[in-house]
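Overview (structure and organization)
Now for the letters of each chain:
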Amino acid sequence: MTLAARDQQVIWHPYTQMKTAAPPIPIVRGEGALLFSENGEVYIDAVSSWWVNLHGHAHPYIAEKVAEQLRTLEHVIFAGFTHPAAVELAERLLQVLPDSQSRIFYSDNGSTAVEVALKMAIQYWHNQGVAKTRIIAFRDSYHGDTFGAMAVSARSTFTAPFQQYLFEVDFIDVPVPGREQETLAQLETLLQENNKAAFIYEPLVLGTAGMVMYAPDILDKLVALCQQHQVLTIADEVMTGFGRTGRTFASHYLSHTPDIVCLSKGLTGGTMALGVTSCSRQLYEAFLHDDKTKTFFHGHSYTANPIACAAGLASLDLLLQPETQRQISRICSSHGAFAARIKTLPYVKEVRQQGTILAIEFETATTSYFNNLRDTLYNYALQQGVVLRPLGNIIYCIPPYCITTEQLTRVYETMEGMHSLVSSHSAQ
Ligand SMILES: *Cc1c(COP(=O)(O)O)cnc(C)c1O
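The shown structure was predicted, so the numbers you read here are calculated from the model rather than taken from an experiment. (Residues numbered from 1 in each chain as written. Predicted model: local features only at pLDDT ≥ 70, side-chain atom pairs only at ≥ 80, totals over all residues. Heavy atoms only, no water.)

1. What to know about the site of the ligand
Around the ligand sit W51, N109, G110, S111, Y142, H143, G144, E202, D236, V238, M239 and K265, and those are all the residues in its vicinity. Side-chain polar atom of D236 to a nitrogen atom of the ligand: 2.7 Å apart, as the coordinates give it. One of the side-chain N or O atoms of K265 is found 2.6 Å from an oxygen atom in the ligand. Starting from 380 Å² of accessible surface for the ligand in isolation, the protein chains cover 83%. In terms of residue class, the shell around the ligand is built from four nonpolar, five polar and three charged. (Near = heavy atom within 4 Å. Polar contact = N/O pair within 3.5 Å; in protein donor to acceptor, adjacent residues only side chain to side chain. Areas by Shrake-Rupley, 256 points an atom, 1.4 Å probe, with all protein chains shown as cover. Nonpolar A, V, L, I, M, F, W, Y, C, P; charged D, E, K, R; others polar.)

2. Section: the domain arrangement of the protein
Segmentation of the protein into domains returns domain 1 (3-58 + 322-427) and domain 2 (62-320). One C-alpha centre belongs to domain 1, the other to domain 2, and the line joining them spans 26 Å. Facing 28 residues of domain 1, the contacting portion of domain 2 comprises 28 residues. Our count for the contact surface shared by domain 1 and domain 2 stands at zero salt bridges. Run the count over domain 1 and domain 2 and you get 16 residue pairs in polar contact (both at pLDDT 80 or more). Elements with a minimum of two residues in the side of domain 1 that touches domain 2: α2 (48-51), α11 (322-342), β13 (348-354), β14 (357-362) and β16 (394-397). (Domains from an automatic or database assignment. Contact = heavy atoms within 4.5 Å. Salt bridge = Lys/Arg side-chain N within 4 Å of Asp/Glu carboxyl O. Helix = DSSP H or I, 4+ residues; strand = E, 2+ residues; numbered from the N terminus.)

3. Side note on the pattern of salt bridges
Counted by the stated rule, this structure contains 15 salt bridges. The salt bridge partner of R326 is E323, with a shortest N-O separation of 3.1 Å. Within this pair, R326 and its partner E323 are both found in helix α11, separated by three residues, close to a single helical turn. The network of salt bridges with common partners includes R134, E168, D170, E193 and K196.

4. Quick notes on a nonpolar patch on the surface
Residues F147, F162 and Y165 make up a contiguous nonpolar surface patch of roughly 330 Å² in combined accessible area. Looking at the element boundaries, F162 is found in the loop between α6 (147-151) and β6 (170-172). (Patch = residues over 30% accessible without salt bridge, like charges linked within 9 Å, V, L, I, M, F, W, Y side chains within 5 Å.)

5. So, the layout of surface pockets
Taken as a whole, the largest pocket spans an internal volume of roughly 1500 Å³. Lining the largest pocket are 34 residues, with P14, T16, R374, Y378 and R389 sitting closest to its centre. Contributing elements (two or more residues each) for the lining of the largest pocket: α1 (3-10), β3 (42-45), α2 and α12 (373-383). Counting residues per element, the lining of the largest pocket draws most heavily on α12, which supplies five residues. Each residue belonging to the lining of the largest pocket can be placed in one class, and the counts come to 19 nonpolar, 10 polar and five charged. (1 Å grid on protein atoms, 1.4 Å probe; cavity = no way out; pocket = protein on both sides within 12 Å on 5 of 7 lines; lining within 4 Å. Points joined across faces, edges and corners; volume = space filled by probe spheres on them.)

6. What to know about empty space enclosed by the protein
The tally for this structure, following the rule as stated, stands at one cavity of 30 Å³ or more. Taken together, G243, G246, R247, T248, L319, Q325 and I328 make up the lining of the largest cavity. A per-class count over the lining of the largest cavity returns two nonpolar, four polar and one charged.

7. Some thoughts on the packing of helix α10 (residues 306-320) against α11
In contact at an axis separation of 4 Å, α10 and α11 are set at 70° when each is read in the N-to-C sense. Classified by the angle their axes make, α10 and α11 are roughly perpendicular. Listed contacts from α11 to L318, L319 and L320 of α10 are P322, T324, Q325 and I328. Per-class residue counts for the contact of α10 with α11 are five nonpolar, two polar and no charged. (Axes fitted to C-alpha atoms, helices over the stretch in contact; angles between N-to-C directions. Parallel < 35°, antiparallel > 145°, perpendicular 65-115°, else oblique.)

8. Quick look at unusual backbone geometry
Located in the positive-phi region is A58, a residue other than glycine, with phi close to 50°. By the secondary structure assignment, A58 is in the loop between α2 and α3 (60-72). The phi angle at F242 is positive, at roughly 65°, despite the residue not being glycine. Residue placement: F242 occurs in the loop between β10 (232-236) and β11 (260-263). With a relative accessible area of 2%, F242 lands in the buried category. (Buried < 20%, exposed > 50% of the residue type's maximum accessible area, 1.4 Å probe, protein only.)

9. Focus: α3
With 13 residues, α3 extends 18 Å from end C-alpha to end C-alpha; this agrees with the ideal 18 Å at 1.5 Å per step. Listed as buried for α3 are I62, V66 and Q69. Around the axis of α3, the buried residues are gathered within 60° of arc, so they sit on the same side. Of the exposed residues in α3, those oriented more than 90 degrees away from the buried face are P60, R71 and T72. For α3, the secondary structure elements touched by its buried residues are α4 (84-96) and α10. (Expected span 1.5 Å × (residues − 1). Arc of directions from axis to C-beta.)

10. Observations concerning the UniProt feature "binding site: substrate" (unreviewed entry) in the protein
Within the UniProt annotation, "binding site: substrate" (unreviewed entry) is assigned to W50, Y142, K265, G299 and R389. Across 340 residues in sequence, these annotated residues place their C-alpha atoms as far as 33.4 Å from one another, rather than forming a single compact spot. Narrowing the list just given to those that line the largest pocket leaves W50 and R389. Within the fold, W50 resides in helix α2. Mapped onto the fold, G299 is located in the loop between α9 (281-285) and α10. On the basis of relative accessible area, G299 is assigned to the exposed category, the value being 54%. (UniProt positions renumbered as here; feature names shortened; annotations may be inferred.)

See the structure below:
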């Protein structure tokens, strides 16, 4: 039996309608931006394997550091104990995070990093006896798949079955270009009520919403407004972190710094699952008390797993090398040139770019995740040997930084080739 056939006997895949899904593509090896299948096909990973991979697959330096850690200490309980990899990664993250950040709390993934952030923010006020409990979020946001993260995310088909179990949230519109004043006014209205605990946002780019982008200037104003009203700000940098937007963190484009930052995805360079929630000194100090009920009672079995922390340290080493920074700049300018060329084509509704993230929104009758154009585009890209996962009629590229110029050109050609599929689709 093939690997795909064995898979189909025993596995349930994420975000997949198992009844109609095509057999999964069996990948047996990865190198750089390339994935190699059991049948000898080669794919360019233009989506960094769901936005996690920074330096390419099976990177020898990360592999070496992880192997070393595995032979030294694979795991240790993190309550009452510590270890070098966790301490060093925390020290080094605080050197690159916005200045306001002072403590690192480890968890397992992006969703748990968000859960931790929400619980920290709500308990921050609770510990001080202040009645601030409501969360503000963007209407189209995505913060993860656990219940708290779902509650602060877009209420959609994904969350509909759970609607009655999701806590109430105050949603504001994403301040896309031309709509900034509306969002500012919505936030001002919400802040008149003195019950808001925190504002959580994906800075500059809303990934799952379809790589929806907005300007640093308006986000800076929203964050400033929250600070004026003593509302905590939570930057969910799970996708935007580690160079994706052209700077190490999207928050670096702002002059106002958040109280809490969530990290995952690129944190280990795409090697292991690991989440981080960092916070300001002020937030941390609200949990220091002789009264034990003010403790932050949260933790996961694998908190600060040493192997994951070692992967995080190795990935950070690579990220900060001048060579990688040059690669990031090269991708940014090459995306820019491609965007300028393609944006005038018919059926191209909008081309958006923020740093290494490039998105093309095609003109179709409806804009939705379930747009049937999606499967046509996805399969076309695979036939071209490129992994691109459209979000409905939106196609995007978020490549590993090691992608070569030739590979990037292939990705652009594939995206451009989709244009004729869209026009014939629209003509039907
Ligand atoms: C992917 C993502 C998450 C969830 O991370 P997981 O590791 O998939 O749980 C949260 N926030 C944002 C902005 C994301 O893109």
